[in-house]
Amino acid sequence: MDDLLTVASAVLTQLVTRAEDLQNTDTPVVTTEGVEATTKDLDLERWLTGRTMSRSDLLAFVRAYCDNAADLWHPGYFAHQIAPPDTPGVVADLLQSVTNNIPLIYELGPAATVVDRVACRWMLDKVGWRAGSGTMANGGSLGNLTSLVAARNARFPDARERGNPGGTVVLAPLTSHYSVRKAAMVMGLGESGVRPLAVDEVGRIDVGRVAETLRAVGSAGQVPIALVATACATATGLYDDIAALAEICQRHGIWLHVDGAHGASALLSPRLRGRLAGIETASSLVWDGHKMMRTSALCTGVLFRDGDHHNGLFRQDASYLYREEMADVDAGQFSFETSKAPLGLKLFLTLAMRGEAALREYVESRFDLALTLWQLLTEDPRFEVPYQPHTNIMCFRPVGFTGDVNVLRRRIADTGRFYLSSAKIGDVPYLRAVLMSPATDVATLRELLDTVAVAASDQAQPRQPRGERTDDLIEL
Ligand SMILES: *Cc1c(COP(=O)(O)O)cnc(C)c1O
């Protein structure tokens, strides 16, 4: 690593200078070039044919890479739920990659192991699960899988050895994150093993109709291992009624898993945590640090109210690694992954360097700003909104819009000023704004509405496309 200091310092200097420049210039929030053009811009082939990069080649590559990256700090970045990463998480990434210790077993990374444990402990305390335990995972999707495996093992202890008994199902609405269906597929339940729960007109679980589904499941001889509630839904940012669902689950002895990948961060705010009322009585929770807690991807807590369900979840004998007395410390015994970075380091350093109050303020300010967006939209006759936001995710559409929402999205992105996603509620397509950047303010929102209105009107001339593009609805 003789060259680390010089190479990394040069790259870091360039990254920071560029970030500062971006704030003062009118660079587009995202490039709308297609795959071919981007591949060409990065000149990738050239570096896989025997030539090695010089220092200046590397810096040119870093520049091209950044030029073709979405700018999460841009005030007009409204597309997805990934955090504009703050310094502590970046430092954690650096510390991890230089030491490259993995908390698979304690001995392999003593510091890494204890930091992950403390990060989980902090999240468990926020939920109020003193007797709970948790693990860090690479993303909410893997977190959902881990939680559902724990739920299945709790309901059918033999399943660990023998597989699922026939009729094993998970209850979740179609508006739950698609990783729930992926998990069911991986667990051998099949995607059809997710029995859909009825939802209301904005996609929240219709609590009054859960009993109906339970009866139908019962008479079909099926056994639900878990009910999945979302806090908040990816597309709409709306929370399910956790307290009401927890009550039903307790009555029927069903594991309540709460997918809080995005919205569990409301737990940081006394003013907002009521949106997760009832969370203390759930069985498991997934909470992403790389969404609303400003860490780089990935950093996910998979948390269990009852630590016993978690201990030994993936226990295996491996004489070259595991020792009995460390079974509740060695992360490899309770996480699906083997080698993985100490993801809790990002969260720990964020808390240590910025303080919990700064995180709370970030969450509150982005949620509040979405409310302002909703107010602007409701007062503006050019737009319709389907609901009042619970979080920093808000869907809206131009009144009477009948075109293709992705063409509209493209036109907006072509201005270079705004990058939005889209989502369907029922069958109706909406533009979807996720307010992540700390640089977004009310002036940005006003400009957004004018830009969308112009793009949606017939006078708007689409710019000539550069290269080929993709038109799919994207959801994280
Ligand atoms: C983002 C999201 C996920 C996926 O999390 P990753 O960390 O991207 O794997 C799961 N569930 C919900 C509700 C989400 O919003």
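About the cut-offs
- Residues numbered from 1 in each chain as written.
- Predicted model: local features only at pLDDT ≥ 70, side-chain atom pairs only at ≥ 80, totals over all residues.
- Heavy atoms only, no water.
- Near = heavy atom within 4 Å.
- Polar contact = N/O pair within 3.5 Å; in protein donor to acceptor, adjacent residues only side chain to side chain.
- Areas by Shrake-Rupley, 256 points an atom, 1.4 Å probe, with all protein chains shown as cover.
- Helix = DSSP H or I, 4+ residues; strand = E, 2+ residues; numbered from the N terminus.
- Pairing = 2+ DSSP bridges.
- Axes fitted to C-alpha atoms, helices over the stretch in contact; angles between N-to-C directions.
- Contact = heavy atoms within 4.5 Å.
- Buried < 20%, exposed > 50% of the residue type's maximum accessible area, 1.4 Å probe, protein only.

Engineer: Which parts of the structure should I look at to understand the site of the ligand?
Structural biologist: Neighbouring residues of the ligand: 13 residues in total, closest Gly-140, Asp-259, Asp-288, His-290 and Lys-291. Between an oxygen atom of the ligand and a side-chain N or O atom of Ser-141, the distance comes to 2.9 Å. Between the ligand and Thr-234, the relevant distance is 3.0 Å, taken from an oxygen atom to a side-chain nitrogen or oxygen of the residue. Protein chains shield 92% of the accessible area of the ligand, which is 380 Å² for the free molecule. Only α6 (140-155) and α11 (289-292) provide two or more residues apiece to the shell around the ligand.

Engineer: Help me out: how do you make sense of the sheet that holds strand β8 (residues 300-304) in this one?
Structural biologist: Sheet strands pair by backbone hydrogen bonding; their relative direction is either parallel or antiparallel. Strand order in this open sheet of seven strands is β2-β8-β7-β6-β5-β3-β4, and the pairing throughout is mixed. The strands lining the two open edges of the sheet, one partner per strand, are β2 (133-137) and β4 (194-196). Strand-to-strand, the axes of this sheet are offset by a mean angle of 25°, without reference to chain direction. Strand direction decides the pairing type here: strand β3 (residues 168-172) and β4, joined by three bridges, are parallel. Bridged to Ala-172 within β4 is Pro-196. Against the sheet, helix α5 (residues 110-127) makes contact with β2, β7 (284-288) and β8, and its axis sits at roughly 120° relative to β2, the strand it touches most.

Engineer: What am I meant to see in the pairing of β2 here?
Structural biologist: Regular strands place side chains that alternate from one sheet face to the opposite one. The element β2 is largely enclosed, with a buried count of five among its five residues. The two faces of β2 match: Ser-133, Thr-135 and Ala-137 on one face and Gly-134 and Met-136 on the other face are all buried. Two elements, β2 and β8, share five bridges in a ladder whose sense is antiparallel. In the strand pairing of β8, Thr-135 is matched with Val-302.

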